[in-house]
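Descriptive structure summary
If you want the building blocks of each chain, they are given just below.
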Amino acid sequence: MAPDIPHELIELLKKIVFQNPTFSGSFDLETLLLATTFKVDVSRVMDYINRLDNFDGSDFGEIAVKAQLYEEAFVVFKKFNLNVQAVNVLLYNIQSIKRVVEFAFFVEEDAVWSLLANAQHEAGMADDAIELFMRLKPA
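Residues numbered from 1 in each chain as written. Predicted model: local features only at pLDDT ≥ 70, side-chain atom pairs only at ≥ 80, totals over all residues. Heavy atoms only, no water.

Notes on the overall build of the protein
Just so we agree on the cut-off: Comment: elements are numbered from the N terminus, with helices defined as DSSP H or I runs of at least four residues and strands as E runs of at least two. Just to be clear, the radius of gyration here is over C-alpha atoms, and the globule rule we use is 2.2 Å times residues to the power 0.38. The rule is simple: take the accessible area with a 1.4 Å probe, protein chains only, and divide by the maximum for that residue type; under 20% is buried, over 50% is exposed, in between is partly exposed. Whether two residues are in contact is decided by their heavy atoms: any pair within 4.5 Å suffices. Accessible surface is estimated by sampling points in the Shrake-Rupley manner with a 1.4 Å probe; for residues, cover comes only from the protein chains shown. This count recognises Lys and Arg as positive and Asp and Glu as negative, with His and chain-terminal groups excluded. Charged side chains are reduced to one point each, which is NZ for Lys, CZ for Arg, CG for Asp and CD for Glu.
Secondary structure summary: the protein contains 9 helices and 0 strands in total. Going residue by residue from the N terminus, the α and β elements of the protein occur as α-α-α-α-α-α-α-α-α. The C-alpha atoms of the protein give a radius of gyration of 18 Å, which is well past the 14 Å a tight globule of 139 residues would have. The dimensions of the protein, computed from C-alpha atoms along their principal axes, are 60 × 30 × 20 Å. Within the protein, the proportion of its 139 residues that are buried is 34%. Once local pairs closer than 6 in sequence are excluded, the contacts in the protein between residues at least 24 apart make up 45%. Total accessible area on the protein stands at roughly 8,200 Å², and carbon and sulfur atoms take up 54% of it. Here the protein contributes 12 positively and 21 negatively charged side chains, and the mean placements of these two sets differ by 5 Å.

Here it is in structure tokens:
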């Protein structure tokens, strides 16, 4: 296969998906465009994640983590409301409790607050962790 073929495929798919209303929103074409871009040109991945809506967020979030594209993984998980996975990327890959705090206030989910409280406890931030555990709704 010629080296330019994958790049040409991306350009063709991009035109079909973004410029042709007949194929706009096609799960298969968006998936193919995103999968090809992950393999060929990671510099375009974030742009396509932001522009596309009809792909498997869980699968592509995991692909991004495996490719060490952690910001891209976070954005995918956030976009598809996979908030626990998004927090895990922030905690274990990006390693930012501060961003988890911001995200927790944005989504207001007990599962996210719980993960944050546990992370704060493990980081020696006992007072903050206790405050968050108290914030959780009783089961």
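Side note on the side chain of Thr-37
Tracing the backbone through its elements, the reader meets Thr-37 in helix H2 (residues 27-40). For Thr-37, the contacting residues outside a window of four places in its chain are Ile-10, Val-42, Arg-44, Val-45 and Tyr-48.

What about the packing of helix H6 (residues 83-94) against helix H8 (residues 110-122)?
Heads up, the rule is: Lines fitted to C-alpha atoms define the axes, with helix axes restricted to the stretch in contact, and inter-axis angles between N-to-C directions lie between 0 and 180 degrees. In what follows, roughly perpendicular refers to angles from 65 to 115 degrees, roughly parallel to angles under 35, roughly antiparallel to angles over 145, and oblique to any angle outside these ranges. If you view the pair so one helix is near and one far, a crossing is left-handed when the near helix is turned anticlockwise from the far one by less than a right angle, and right-handed when it is turned clockwise.
Viewed as axis vectors pointing N to C, H6 and H8 meet at an angle of 20 degrees, and their least axial separation amounts to 9 Å. Taken as axis vectors, H6 and H8 run roughly parallel relative to one another. The two elements H6 and H8 cross, and the hand of that crossing is right-handed. Facing Asn-83, Val-84, Val-87, Asn-88 and Leu-91 of H6, the residues of H8 in contact are Ala-111, Val-112, Leu-115 and Ala-119.

Some remarks on the domain arrangement of the protein
Under the convention used in this document: Each domain's limits were defined by an automated method or a database of domain assignments. Simply put, the buried area is the total loss of 1.4 Å probe accessible area from both parts when two parts are fitted together. Salt bridges are counted wherever a side-chain nitrogen of Lys or Arg sits within 4 Å of a carboxyl oxygen of Asp or Glu.
Per the domain assignment, the segments making up the protein are domain 1 (1-55) and domain 2 (61-138). The distance between the C-alpha centroids of domain 1 and domain 2 comes to 29 Å. Facing 10 residues of domain 1, the contacting portion of domain 2 comprises 9 residues. With both sides pooled, the region where domain 1 packs onto domain 2 buries about 790 Å², and carbon together with sulfur makes up 79% of that total. Scanning the region where domain 1 abuts domain 2 turns up 1 salt bridge.

Thoughts on the environment of Thr-31
Here is the rule: Think of a polar contact as two N or O atoms within 3.5 Å of one another; within protein, one of them needs to be a possible hydrogen donor and the other a possible acceptor, and neighboring residues in sequence only count if both atoms come from side chains.
Inspection of the secondary structure assignment puts Thr-31 in helix H2. The exposure class of Thr-31 is partly exposed, given its relative accessible area of 22%. In this structure the C-alpha to C-alpha distance between Thr-31 and Asp-56, which are 25 residues apart in sequence, comes to 7.6 Å. Not counting the four nearest positions on each side in its chain, Thr-31 is found in contact with Asn-54, Phe-55 and Phe-60. At 2.7 Å, the side chain of Thr-31 and the backbone oxygen of Phe-27 are in polar contact.

Focus: the packing of helix H4 (residues 57-66) against helix H5 (residues 70-79)
Two quantities define a packed helix pair, namely the angle between the axes and the distance from one axis to the other. Packing of H4 against H5 leaves a shortest axis separation of 8 Å and a crossing angle of 165 degrees. As summarised for this structure, H4 and H5 are arranged roughly antiparallel, according to the angle between their axes. In this structure, H4 crosses over H5, and the sense of that crossing is left-handed. On H5, the residues that touch Gly-57, Ser-58, Phe-60, Gly-61, Glu-62, Ala-64 and Val-65 of H4 are Tyr-70, Glu-72, Ala-73, Val-76 and Phe-77.

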